[in-house]
Amino acid sequence: MAVPAAVAKRAAGLRRKLEDANHRYYVLDDPAIPDAEYDALLRELEALEAEHQALASADSPTQRVGARPLQEFGEVRHALPMLSLGNAFSEQEVRDFVARIVAGTGDGDPVFSVEPKLDGLAISLRYERGQFVRGATRGDGASGEDVTANLRTIKAIPLRLRGEQLPAELEVRGEVYMPRAAFEKFNARAREHGEKPLANPRNGAAGSLRQLDPRITAKRPLAFFAYGLGAVEGWKLPPRHSQMLAGLREFGFPVAPEAGAANGADGLLEYYRAIGGRRDALPYDIDGVVYKLDRFDQQNAMGFVSRAPRWALAHKFPAQEQSTTVEAIDVQVGRTGAITPVARLAPVNVAGVVVTNATLHNADQIERLDVRVGDTVIVRRAGDVIPEVVRVVDDKRPARTVRFAMPATCPICGSRVAREEGEVVSRCTGGLFCPAQRAQALIHFASRRAMDIEGLGDRIVEDLVDLGLVRTVADLYRLDVADFVAMRRRADERDGTVPETVKAGKVASKWAENLVAAIDRSRNTTLERLLFALGIRDIGESSAKTLAKYFGALDPLVAADESALLEVPDVGPIVAGRIAGFFREPHNREVIAALRATGVHWPEGPPQRSAEGPLAGKTVVLTGALSELGRDEAGAQLAALGAKVAGSVSKKTSFVVAGEAAGSKLDKARQLGIEIWDEARLLEFLRSNLAP
Ligand code: IVH
């Protein structure tokens, strides 16, 4: 069936737009259209191609993900072998390399192309008359595995070359890699879901390309950089490697932006050091740099030894992974109470830094790795992240080791350690009582939207906690000028800083007087500020306000159980549990009593429960991401209009507000035939019902 000309034109236009968007994103690093728009264009093209079979074409942007998994990978013989590189680890080896080139070419000062050595997987991409026809791994250099279907899913790899004059045959070589941010994101998700995380981005790239089902590869965030050529037919090569890379860029391939030119051993070493210094900041892992003689005629003059060119050299960074032994496993308590197991290691030098601790992340990770005291482990330091234990060397495990178990109580304060359902982290339940959490709790307590204690900054709070002057928020109200002056003096002694404050005694006490006055002013507060200031998990300003209104006074709130709290608009079961749990803890009650005893006060009044407003008596469920307001704020505004905001959909639900990527709650609402609002409708409603 003939395709109407207008449809064919539209399809061609869509393909061009999508290809351009990819090119801008992956090659020029200058995204042109938002993801949502890209998706919309892709869907439109898919619809056209589905309706008009004759439009189908293998290089269409819709054809990146194949329909079914393969049984096995075929074998591909490389038309030209894929070579490896000679390695250098020292400055002297680089100088020797340059000297060999000077001798071999007769050029006293040859120019080199200098490039990052990407830590991924080498592949070869074959284009015939501009179409991507086959892609293969390096394998043994002579032949590799046919991973075409997987490579097609990588959007940085063009399915069709750009430009007018396209070579009859072009093999492009380069590296498939997993960007570091994507790797971190992938692992965070895997850990959350109790799945096995990837050991490093390199394994991530390799493992993803070895999937027999391209639909899995398509979900992995892979990218590609071109760095070389294989067989070429019908393209007049420029005389230099660097110009060839520029040509590949024109054809639509991404080339590492850090690639450049240098000459002389000192120039090469300068590049090595410059890239090394920026290594942690690069968005991808590299394991060194590569120097390549830039002029092709000089490359030919140098030739090859065994399987490596004599005109190129890989200058490697020191290894980022080392093995060492675990001397102890401790747990650390973070400022939010999160408990992190940490391996104490026999000191080991990893890429120039002595490592003695490595994070084990959480209980799930320990379980998976099964790390035990006495084990030999591989530790890895990548980027500026905390070193981590990658794996245990099983056959080096000594006899009679014991499995590690997370402690049941906080090592700092002795409070119970709890892990909520569906969460990976365990937390100390000590809250304000736990010294590890104290500073953070105090900083929040003093902040502008909480008790608003002007001048009580992070540094001062940390010093107060550090020097043991303050344990609970109530202790702040017992401090006098002399305490602050003494604190400053002791902090100066501790830090070895010149105690100018002591010399200029008057200035020091003025500063302390101001602080004491600010603390005093904060005694006069409101119930909602106090509730927010206490730092109960998930109680933000809007929930604090709702609670203050609903109970009117603190005592009835402290006494309320979960079921009473569930009656409060905008309070679901999780939050109800948090509030009740907080006030059940004896030390939290003690802190509140102490605050009252030191003169902190707030007006109290009758409860204001009768839901009024246009949504009185209605129960609303929010689901998915609300981009304009956020769910908390939307909930608070709905509650302000009298609605009860609930956490789950039932027959009692009046309507559901569904944001971006809403899931099972939306499905359930549809099943039950409940009214569904999108974000625009909600905004419209709030706008016309809330006073500005
Ligand atoms: S050139 C004949 N350039 O290093 C030259 N290789 O040990 C062949 N690699 O298998 C390779 N970044 O996976 C070249 N900018 C770069 C590279 C690079 C990473 C890898 C590649 C290759 C290995 C050679």
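Look above for the structure.
Read on for a plain summary of the structure.

Scoring rules and cut-offs
- Throughout, residues of each chain are indexed from 1 in the direction in which the sequence is written.
- Per-residue local features of the predicted model are confined to residues with pLDDT of at least 70, and side-chain atom pairs are confined, for both listing and counting, to 80 or more; whole-chain, interface and lining totals are unaffected and use all residues.
- Where side-chain values are given, they derive from all heavy atoms of the structure, hydrogens and water being excluded.
- Starting at the N terminus, helices and strands are each numbered in turn, a helix being any DSSP run of H or I of at least four residues and a strand any DSSP run of E of at least two.
- Three labels apply to residues, based on accessible area from a 1.4 Å probe with only protein chains included: buried if under 20% of the type maximum, exposed if over 50%, partly exposed otherwise in between.
- The Shrake-Rupley method, run with a 1.4 Å probe, gives the accessible areas here. Residue values count only the displayed protein chains as cover.
- Here, a strand pair is defined by DSSP locating no fewer than two bridges between the strands.
- Under the pairing criterion, centres of Phe, Tyr and Trp rings, with the six-membered ring standing for Trp, must be within 6.5 Å; the plane angle then separates stacked pairs below 30 degrees from edge-to-face pairs above 60, leaving the rest tilted.
- Multiplying 1.5 Å by the helix residue count minus one yields the expected span of that helix.
- Relevant arc is that of directions from the helix axis to the C-beta atoms, nothing else.
- Note on definitions. A residue lies near a molecule or strand when any single heavy atom of the residue is within 4 Å of it.
- Throughout this description, a polar contact denotes any pair of N or O atoms lying within 3.5 Å of each other; where both atoms belong to protein, one of them has to be capable of donating a hydrogen while the other can accept it, and for residues adjacent in sequence the pair is counted only when both atoms sit in side chains.
- Side-chain classes are defined by residue name, with Ala, Val, Leu, Ile, Met, Phe, Trp, Tyr, Cys and Pro counting as nonpolar, Asp, Glu, Lys and Arg as charged, and the others, Gly among them, as polar.
- In this analysis, two residues are considered to be in contact whenever any of their non-hydrogen atoms come within 4.5 Å of each other.
- Axis lines are fitted through C-alpha atoms, for helices just across the contact stretch, and the angle between N-to-C directions can take any value from 0 to 180 degrees.
- Any angle that is under 35 degrees is reported as roughly parallel, and any over 145 degrees as roughly antiparallel; angles of 65 to 115 degrees are reported as roughly perpendicular and all others as oblique.
- In this scheme, a crossing is called left-handed if the near helix is turned counterclockwise away from the far one by less than a right angle; it is called right-handed if the turn is clockwise.
- Salt bridge, as applied in this entry: a Lys or Arg side-chain nitrogen positioned within 4 Å of an Asp or Glu carboxyl oxygen.
- Among buried residues, the Ala, Val, Leu, Ile, Met, Phe, Trp, Tyr and Cys ones that are joined through side-chain atoms within 4.5 Å form a nonpolar core.

1. Focus: the overall build of the protein chain
Piece 1. Broken down by element type, the protein chain carries 25 helices and 24 strands.
Piece 2. Along the three orthogonal principal directions, the C-alpha set of the protein chain runs to about 90 × 75 × 55 Å.
Piece 3. When the 692 residues of the protein chain are sorted by exposure, 48% land in the buried category.
Piece 4. If you sum the accessible surface of the protein chain, you get close to 34,200 Å²; carbon and sulfur atoms cover 50% of it.

2. Looking at the sheet that holds strand β13 (residues 312-316)
Piece 1. Reading across the sheet, the five strands line up as β2-β13-β10-β3-β9 and stay open at both edges, with mixed pairing between neighbours. Edge positions in the sheet fall to β2 (87-88) and β9 (260-263), since each has one partner strand and no second.
Piece 2. Pairing analysis gives four bridges linking strand β3 (residues 111-118) to β9, with the strands arranged antiparallel. Bridged to Ser 113 within β9 is Ala 261.

3. Here's the deal with the packing of aromatic side chains
Piece 1. Using the criterion set out here, one finds 15 aromatic pairs in the structure.
Piece 2. Here the aromatic rings of Tyr 272 and Phe 317 are separated by 5.1 Å at their centres, their planes lie at 40°, and the arrangement is tilted. You can see Tyr 272 sitting in helix α9 (residues 264-278) and its partner Phe 317 sitting in the loop between β13 and β14 (321-333), a full 45 residues away along the chain.
Piece 3. In this structure an aromatic cluster arises from ring pairing among Tyr 127, Phe 132 and Phe 253.

4. What to know about helix α14 (residues 481-495)
Piece 1. With 15 residues, α14 extends 21 Å between its outermost C-alpha atoms, agreeing within 8% with the 21 Å of an ideal straight helix rising 1.5 Å per residue.
Piece 2. Regarding α14, the residues found buried are Phe 484, Met 487, Ala 491 and Asp 492. The buried residues of α14 occupy an angular sector of 130° when the element is viewed end-on, so they sit on one face. Seen from the buried face of α14, the exposed residues on the opposite side, beyond 90 degrees, are Ala 482 and Glu 493.

5. What about the site of the ligand?
Piece 1. Surveying the vicinity of the ligand reveals 13 residues, the closest of which are Glu 115, Leu 118, Glu 175, Tyr 227 and Lys 292.
Piece 2. Between the ligand and the protein, one listed contact pairs a nitrogen atom with a backbone N or O atom of Leu 118 at 3.1 Å.
Piece 3. Contact distances for the ligand include 2.9 Å between a nitrogen atom and a side-chain N or O atom of Lys 292.
Piece 4. Protein contact buries 86% of the 510 Å² of open area that the ligand shows by itself.
Piece 5. Within the residue set of the shell around the ligand, elements represented by two or more residues are β3 and β10 (286-293).
Piece 6. Looking at the shell around the ligand, the element that brings in the most residues is β3, giving four residues.
Piece 7. Its residues assigned to classes, the shell around the ligand comprises eight nonpolar, no polar and five charged.

6. Quick word on the pairing of strand β15 (residues 338-350)
Piece 1. Examined bridge by bridge, β14 and β15 share seven bridges and lie antiparallel to one another. Counted as the bridge partner of Val 333 is Ile 339 from β15.
Piece 2. Note: β15 against strand β20 (residues 426-428), two bridges, orientation antiparallel. Across the sheet, Ile 339 pairs through a bridge with Ser 426, a residue of β20.
Piece 3. Bridge analysis of β15 against strand β16 (residues 353-359) gives six bridges, and the strand direction is antiparallel. When the bridges of β16 are listed, Val 342 appears paired with Thr 359.
Piece 4. Here β15 folds back onto β16, and the loop between the two strands holds two residues, one of which, Ala 351, carries a positive phi near 45°.

7. Concerning the environment of Glu 628
Piece 1. Residue position: Glu 628 is located in the loop between β21 (619-623) and α23 (631-640).
Piece 2. Given the relative accessible area of 53%, Glu 628 is considered exposed.
Piece 3. In this structure, the C-alpha to C-alpha distance between Glu 628 and Leu 683, residues 55 residues apart in sequence, is 8.4 Å.
Piece 4. Once residues lying within four places of it in the same chain are set aside, the contact partners of Glu 628 are Glu 679, Leu 683 and Arg 687.

8. Some points on the pairing of strand β4 (residues 121-128)
Piece 1. With seven of eight residues buried, β4 is to be regarded as a mostly interior element.
Piece 2. Inspection of the sheet shows β4 paired to strand β7 (residues 169-177) by eight bridges, in the antiparallel sense. Within β7, the position partnered with Leu 125 by the bridge is Val 172.
Piece 3. In textbook terms, the turn of a hairpin is the stretch between consecutive antiparallel strands, and for β4 and strand β5 (residues 131-137) this stretch comprises two residues, one of which, Arg 129, has a positive phi near 45°.

9. Notes on the packing of helix α3 (residues 91-105) against α9
Piece 1. Look at α3 against α9: their axes get within 9 Å of each other, and the N-to-C directions meet at 140°. Taken as axis vectors, α3 and α9 run oblique relative to one another. Helix-helix and strand crossings are classified by hand; for α3 and α9 the assignment is right-handed. Two secondary-structure elements touch here, α3 through Glu 91, Val 94, Arg 95 and Val 98 and α9 through Ala 265, Asp 266, Leu 268, Leu 269 and Arg 273.
Piece 2. Taken together, the residues that form the contact of α3 with α9 break down as five nonpolar, no polar and four charged.

10. A few points about the pattern of salt bridges
Pairing of side chains with opposite charge becomes possible as their charged atoms draw close.
Piece 1. Throughout the structure, instances matching the rule amount to 40 salt bridges.
Piece 2. Glu 44 is the salt-bridge partner of Arg 10, the closest N and O atoms lying 2.8 Å from each other. Taken together, the residues span a long stretch of sequence, with Arg 10 in helix α1 (residues 5-26) and Glu 44 in helix α2 (residues 35-51) at a distance of 34 residues.
Piece 3. Here Arg 10 falls in the partly exposed class, since its relative accessible area comes to 36%.
Piece 4. Close ionic contact of Arg 160 with Asp 59 constitutes a salt bridge, the shortest N to O distance being 3.7 Å. Taken as a pair, Arg 160 in the loop between α4 (148-152) and β7 and Asp 59 in the loop between α2 and β1 (75-77) lie far apart in primary sequence, 101 residues in all.
Piece 5. Residue Arg 160 is classed as partly exposed on the basis of its relative accessible area, which comes to 33%.
Piece 6. Look at the salt bridges and you will find they share partners, linking Arg 126, Glu 128, Glu 169, Glu 171 and Arg 173 into a network.

11. Examining the nonpolar core
Piece 1. One finds Leu 456, Leu 476, Leu 547, Leu 565, Phe 583 and Leu 595 to be the most contacted residues of the largest nonpolar core, which totals 61 residues.
Piece 2. The next biggest cluster of nonpolar side chains, apart from the first, holds 33 residues, and it includes Ile 123, Leu 125, Phe 132 and Val 172.

12. What to know about the sheet that holds β21
Piece 1. With respect to topology, four strands assemble into an open sheet ordered β22-β21-β23-β24, the strand pairing being parallel. Taken across any chain shown, the strands that pair with only one partner, and hence form the sheet edges, are β22 (644-646) and β24 (675-677). When the angles between neighbouring strand axes are averaged without regard to direction, this sheet yields 30°.
Piece 2. Looking at chain direction, β21 and β22 are connected through three bridges and run parallel. Within the sheet, the bridge partner assigned to Val 621 lies in β22 and is Ala 646.
Piece 3. Across the sheet, α23 touches β21 and β22, and the angle it forms with β21 is around 170°.
Piece 4. Helix α24 (residues 664-671) contacts β21, β23 (655-658) and β24 of the sheet and is inclined by roughly 135° relative to β21.

13. Structural notes on the environment of Gly 457
Piece 1. Secondary-structure assignment places Gly 457 in the loop between α12 (435-446) and α13 (458-466).
Piece 2. Residue classification places Gly 457 among the partly exposed residues on the basis of a relative accessible area of 28%.

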